[in-house]
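Here is what each chain is made of, one letter per residue.
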2 protein chains.
Amino acid sequence: MKETKRPTIIDVAHAANVGASTVSRHVRGGKSVSPEVARRIEIAIAQLGYEPNTLARSLRVGRTQTLGVLFPHVNNVFFGNALRTIQTEARINGFTVMLLTHQEEAKLQQEQLASLKRSQVDGIIMVPAAETNVAQVRALLGNTPVVAFDRSLGSAVDSVLLDNYRAAREATEHLLGHRHSHIVAVNAPYKLQPLQSRFNGYKEAMETAGKHAETIVWHESEQLRKELCAALQRKREPATAILSMSYSVTLAVLSTLRECHIALSKIGFIGIDDMEFANFIHPPLTTLAQPSEQFARLAFQQLLGRTSGSKEKPVHVVVAGNMMIRSSCGCKSASSRSL
Amino acid sequence: MKETKRPTIIDVAHAANVGASTVSRHVRGGKSVSPEVARRIEIAIAQLGYEPNTLARSLRVGRTQTLGVLFPHVNNVFFGNALRTIQTEARINGFTVMLLTHQEEAKLQQEQLASLKRSQVDGIIMVPAAETNVAQVRALLGNTPVVAFDRSLGSAVDSVLLDNYRAAREATEHLLGHRHSHIVAVNAPYKLQPLQSRFNGYKEAMETAGKHAETIVWHESEQLRKELCAALQRKREPATAILSMSYSVTLAVLSTLRECHIALSKIGFIGIDDMEFANFIHPPLTTLAQPSEQFARLAFQQLLGRTSGSKEKPVHVVVAGNMMIRSSCGCKSASSRSL
DNA sequence: CTGTTAGCGCGTTCAC
DNA sequence: GTGAACGCGCTAACAG
């Protein structure tokens, strides 16, 4: 068995008794090629098992048909599903996807973006890291099309985001509707605009109801435990419900409650971001899910437009969350509704 | 602002008053270049903001410095962490990673492999889909190095696998040690060798203890519910413990128990594959975790060796699982140990 | 140590 | 409708 080399377009041309450029035209789609010649080419291709060399083509045309995706990580349903959807869409449209993660570190993010740029991807879908310096990112990217996913990247960059304000507001109002006297919001320590919007939504709902907004920022598990337990167990106006602002916060809160031996069933709870195991804990977690597939499709379509040269003004899509009502909010029966 | 074109190696050569190949040599690492010239080149590079064109280089040298990773999906800790680790290792070694998923479908798997081949990746780390036709896969791949990850791909392909037999055996023995009279194994419907090995381990442990092995294969939720509840609630020798053979099975089992209103605390439970939320359910789930980082590193190193031409005989690495003892097995205090 | 030359495989003028 | 020639940016030979 020899190291048989891949056939090139020239091999095909010879075998079919035509010029290389004719093969090229035919391979690339219904350009004007006589039926007879087309047939000969087809045969030659099948015989040799020819496949166009992507590298050479990319080098020549300056497009790679590759999209970069940069996520913080992929260990949750939201990102996992989004990735799957993006890949599917990409495949359908003749693109392949290069996934990178930045682990929420701005520095790594820069490296990964540089790597994507080196790979000459035609466009990028990214979830900006928490401490992202927007100008820095844009400078690095040059004129590679980008769409910000789930988090904003300044008003000049296309984005698809959750209606964060509304999500948090409705979640809060829902809790309020269950007669919770005092709701604490637990937030992540990141300076992210979506988190800020969520906080605003929460605050607005609370103040409209004449209640006092109270937020605990989770920096570290020990500190969270102290503050959260204090809030829930103090004598004077203890908190009776929790609004968790994100996936990782929910994880931390659940750990904390467990450590403090506070039963989830004794309090109200809603978490923004859906959890795969929401149904397995007691009581089942009510969450505000981000529609990941919809996010992904929107982002992909937007990017696709940009890669084919669309020069419209930046588009900012805002999508509604889905209230997944289970039991931790206080409801008796499960249901879901789009906001 | 014009569409300024990227500087090429020739631009650099001119600016530094040297030949293109000298620049090439210098750029690529400590080849013999005079200090004086090296300095001039550095300056030119910095001034022009030159970056080598990966595509052109790859076309020329026939290597892309890209690795393909093909997973069923990424929505769980095991695959998520493995991916992260592989990417990190890759970055350190100057590779970039192209991640694809096959959703456990053999057909999609073939497509994705074809796509990886088109991208001319230097090597592939893959988790073969359940119904994989090994010969078909190998034929498609040609002589691209491959390492099978978490599941075997025939004895001719490098692999890194869990010691599945041992894992299941010890898990079963542990349950037995808690005086469970009757343990059912619940398995996934896939014809995967690791699942078979796990079953064998379970069976061996049961028979050694003079017990009867009983397996339920999860095809569909309705059917699982019927069979599992029957096993747990029958009068004559009801099952008192469950051994779940994989991540997805555990998810299904937990759902089922919930639907049947059977409290996890009433029975014994161990699941192979760790769950992110193991601590959040009651009682906390005892699991047999696959050391994902270790898996990933081993697979990467093996592949790296192959990409640089190692022609040794196929290597099959077997790694020990980690018993993550929490409470569902019957233990009072948490601990973990490597098998 | 350095520069010149010749492709890697393909798409694209531009004549025919 | 078709083929010949050129070049995308880079590296590997080879002279010098």
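The structure presented is a predicted model; accordingly, all values stated were derived computationally and were not measured.

Chemist: So what's going on with the protein's contact with DNA strand C? Residues and values would help.
Modeler: Taken together, 24 residues lie around DNA strand C, and A:I9, A:Y50, A:R57, A:R60 and B:R25 are the ones closest in. A distance of 2.5 Å is found between a base nitrogen of DNA strand C and a side-chain nitrogen or oxygen belonging to A:R60. Mapped onto the surface near DNA strand C, the elements with two or more residues apiece are α2 (20-27) and α4 (54-61) of chain A together with α2 (20-27) and α4 (54-61) of chain B. The element that contributes the greatest number of residues to the surface near DNA strand C is α4(A), accounting for four residues.

Chemist: Any details on the pattern of salt bridges? Residues and values, ideally.
Modeler: Evaluation of the coordinates by the stated rule reveals 28 salt bridges over all chains. With a closest N to O distance of 2.8 Å, A:E104 and A:R151 form a salt bridge. Pair noted here: A:E104 is in the loop between β2 (96-101) and α6 (106-118) and A:R151 is in the loop between β4 (146-149) and β5 (158-162), with a separation of 47 residues, a long-range link. When its relative accessible area of 11% is taken as the criterion, A:R151 is described as buried. Residues B:R39 and B:E36 are paired through a salt bridge, measuring 3.9 Å at the closest nitrogen-oxygen approach.

Chemist: Could you give me a rundown of the state of the cysteines, with the residues and numbers involved?
Modeler: Among covalent bonds in proteins, the disulfide is the one between the sulfur atoms of two cysteines. What the rule picks out here adds up to two disulfides over all chains. With no disulfide of its own, A:C329 has A:C331 as its nearest cysteine by sulfur position, at a separation of 3.6 Å.

Chemist: Explain the relation of the copies chain A and chain B to me, and be specific about the residues and the numbers.
Modeler: With an RMSD of 0.1 Å, the operation that places chain A on chain B is a rotation of 180° combined with a shift of 0.0 Å along the axis. Seen this way, the second copy is the image of the first under a two-fold rotation axis. In this assembly the copies share their binding face: 100% of the residues contributing to the interface of chain A also contribute to that of chain B.

Chemist: Outline unusual backbone geometry, listing residues and values.
Modeler: Residues and elements named next belong to chain A. With omega at -10°, the peptide bond leading from H282 into P283 counts as cis. By the secondary structure assignment, P283 is in the loop between β9 (268-272) and β10 (286-289). With a phi close to 55°, Q65 is a non-glycine residue in the positive phi region. Inspection of the secondary structure puts Q65 in the loop between α4 and β1 (66-71). For E104, which is not glycine, the phi dihedral falls at a positive 65°.

Chemist: With reference to specific residues and values, describe the domain arrangement of chain A.
Modeler: Looking at chain A, the domain boundaries give domain 1 (9-52), domain 2 (64-162 + 292-320) and domain 3 (164-290 + 323-338). With centres defined by C-alpha atoms, the gap from domain 1 of chain A to domain 2 of chain A works out at 37 Å.

Chemist: Hey, could you go over the pairing of β1(A) for me, with residue numbers and the actual values?
Modeler: Residues and elements named next belong to chain A. The buried fraction of β1 amounts to six of the six residues, a majority that puts the element mostly inside the structure. Burial along β1 is two-sided: T66, G68 and L70 facing one way and L67, V69 and F71 facing the other are all buried. Across six bridges, the pairing between β1 and β2 is parallel. Residue pairing in the sheet places T66 in a bridge with T96 of β2. Read as a crossover between parallel neighbours, the route from β1 over helix α5 (residues 77-92) to β2 is right-handed.

Chemist: Tell me what's going on with the packing of aromatic side chains, and back it up with residues and numbers.
Modeler: Overall, the coordinates contain 17 aromatic pairs over all chains when judged by the stated rule. Judged by centre distance (5.1 Å) and plane angle (45°), the rings of A:F71 and A:F79 are tilted. Given the relative accessible area of 5%, A:F79 is considered buried. Aromatic pair B:F149 and B:F295: ring centres 5.5 Å apart, planes at 75°, arrangement edge-to-face.

Chemist: Hey, could you go over the protein's contact with DNA strand D for me, with residue numbers and the actual values?
Modeler: Surrounding DNA strand D, one finds 24 residues, the nearest of these being A:T22, A:R25, B:I9, B:Y50 and B:R60. By atom count, sugar and phosphate contribute 72% of the portion of DNA strand D lying within 4 Å of the protein. For DNA strand D, a base nitrogen lies 2.7 Å from a polar atom in the side chain of A:S21. A:S34 is positioned such that a nitrogen or oxygen atom in its backbone is 2.9 Å from a phosphate oxygen of DNA strand D. Residue assignment for the surface near DNA strand D shows that the elements contributing at least two residues are α2 and α4 of chain A together with α2 and α4 of chain B. For the surface near DNA strand D, the element with the most residues is α4(B), which contributes four residues. Of the residues that constitute the surface near DNA strand D, the class distribution is nine nonpolar, 10 polar and five charged.

The rules behind these values
- Residues numbered from 1 in each chain as written.
- Chains lettered and ligands numbered in written order.
- Predicted model: local features only at pLDDT ≥ 70, side-chain atom pairs only at ≥ 80, totals over all residues.
- Heavy atoms only, no water.
- Near = heavy atom within 4 Å.
- Polar contact = N/O pair within 3.5 Å; in protein donor to acceptor, adjacent residues only side chain to side chain.
- Helix = DSSP H or I, 4+ residues; strand = E, 2+ residues; numbered from the N terminus.
- Salt bridge = Lys/Arg side-chain N within 4 Å of Asp/Glu carboxyl O.
- Buried < 20%, exposed > 50% of the residue type's maximum accessible area, 1.4 Å probe, protein only.
- Disulfide = S-S within 2.5 Å.
- Least-squares fit on C-alpha atoms with pLDDT ≥ 70 in both.
- Contact = heavy atoms within 4.5 Å.
- Domains from an automatic or database assignment.
- Pairing = 2+ DSSP bridges.
- Right-handed = clockwise from strand over helix to strand, strands pointing away.
- Phe/Tyr/Trp six-rings, centres within 6.5 Å; stacked < 30°, edge-to-face > 60°.
- Nonpolar A, V, L, I, M, F, W, Y, C, P; charged D, E, K, R; others polar.

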